[in-house]
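# Descriptive structure summary
Residue-level listing of the chains:
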Amino acid sequence: MFRVILTFAVLAVAIAMPHAPPVVADTGLTGTIAGAYFLRYEDADLHAIAHQRAGEIAECECLSHDGMRSGTAEVLAYNEGFPDPVGQVVSRWQASPGHNGILSNRDYGRIGCAEVVADGVHWFACVLTFGTLPPAPAPTQPPTLPDTALPPEG
């Protein structure tokens, strides 16, 4: 009996899955945002939510915040036909006052991002929540040259 129930459950999942677009790895979205703004802690739970949100907006082919999870902020986007879809989407978020406001807010110290590609369209979601930021890396000082390395004056 258990085997029949398990088989039925696997079939139900298999039937439901073809409708969901494939989720691909972050492909550098989190790092690109860190380079454009500042470092945040990458959060595995937020990353999972971002994967769900990217799949949801790809499935409905809409940019709706109706599915935003409680206690989070999110930025969503899509694009197609660009040689650098990640760079393009981050540039668009920087140019948008609302999206830029969220991504430049230093109170959001945790982030998770995802990208879904469906029929050549790239769908993006980054989910953020409050938290402290990681310590900033120490600035590097250029090496000091000995006085003998300086050319003579005159």
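The structure this text deals with has already been given above.
This report concerns the structure included in the present document. Just so you know, these numbers come straight off a predicted model, no measurement behind them.

### With respect to the environment of T32
Checked against the element boundaries, T32 lands in helix α2 (residues 29-36). For T32 and S91, which are 59 residues apart along the polypeptide, the C-alpha to C-alpha distance reads 9.9 Å. In contact with T32, other than residues within four places in its own chain, are V86 and V90. Here the side chain of T32 touches G28 through a polar contact of 2.8 Å, landing on its backbone oxygen.

### Some details on the pattern of salt bridges
The full count for this structure, using the stated rule, is three salt bridges. E56 is the salt-bridge partner of R53, the closest N and O atoms lying 2.6 Å from each other. Placement of both R53 and E56 in helix α3 (residues 44-60) is noted, with a separation of three residues, approximately one turn of the helix. Ionic pairing is found between R69 and E56, a salt bridge with its closest N-O pair at 2.8 Å. Remark: E56 occurs in helix α3 and R69 occurs in the loop between α3 and β3 (73-79); sequence separation between them is 13 residues. Overall, the relative accessible area of 31% leaves E56 in the partly exposed class. Linked by salt bridges that have partners in common, R53, E56, R69 and E74 make up one network.

### So, the state of the cysteines
One pass over the structure, following the stated rule, counts two disulfides. Across the disulfide from C113 sits C126; the S-S distance is 2.2 Å. Linking C113 and C126, the disulfide has an S-S dihedral of approximately 115° and is accordingly described as right-handed. Here the residue C113 occupies a position in strand β4 (residues 110-118), and C126 occupies one in strand β5 (residues 121-129), the gap between them amounting to 13 residues. This pair shows no difference in class: C113 is buried, exactly as C126 is.

### A short note on the nonpolar core
Soluble globular proteins: nonpolar side chains tend toward being buried together. In terms of nonpolar packing, the biggest core is built from 18 residues, with L29, I33, V89, W93, L103 and C126 touching the most fellow members. Counting residues per element, the ones that place at least two in this core are α2, β3, α4 (85-95), β4 and β5. Per element, the largest residue contribution to this core is four residues, and it comes from α4. If sequence neighbours within four positions are ignored, V89 has contacts with L29, A77, N79 and F124. Ranked by size, the runner-up nonpolar core spans 14 residues in total, among them L46, A118, W123 and V127.

### Some thoughts on the pairing of β3
A regular strand places its side chains on the two faces of the sheet in alternate fashion. In terms of burial, β3 is largely enclosed, as six of its seven residues are buried. Where β3 meets β5, seven bridges bridge the pair, whose relative direction is antiparallel. Residue pairing in the sheet places E74 in a bridge with V127 of β5.

The rules behind each value
Residues numbered from 1 in each chain as written. Predicted model: local features only at pLDDT ≥ 70, side-chain atom pairs only at ≥ 80, totals over all residues. Heavy atoms only, no water. Helix = DSSP H or I, 4+ residues; strand = E, 2+ residues; numbered from the N terminus. Contact = heavy atoms within 4.5 Å. Polar contact = N/O pair within 3.5 Å; in protein donor to acceptor, adjacent residues only side chain to side chain. Salt bridge = Lys/Arg side-chain N within 4 Å of Asp/Glu carboxyl O. Buried < 20%, exposed > 50% of the residue type's maximum accessible area, 1.4 Å probe, protein only. Disulfide = S-S within 2.5 Å. Core = buried A, V, L, I, M, F, W, Y, C linked by side-chain atoms within 4.5 Å. Pairing = 2+ DSSP bridges.

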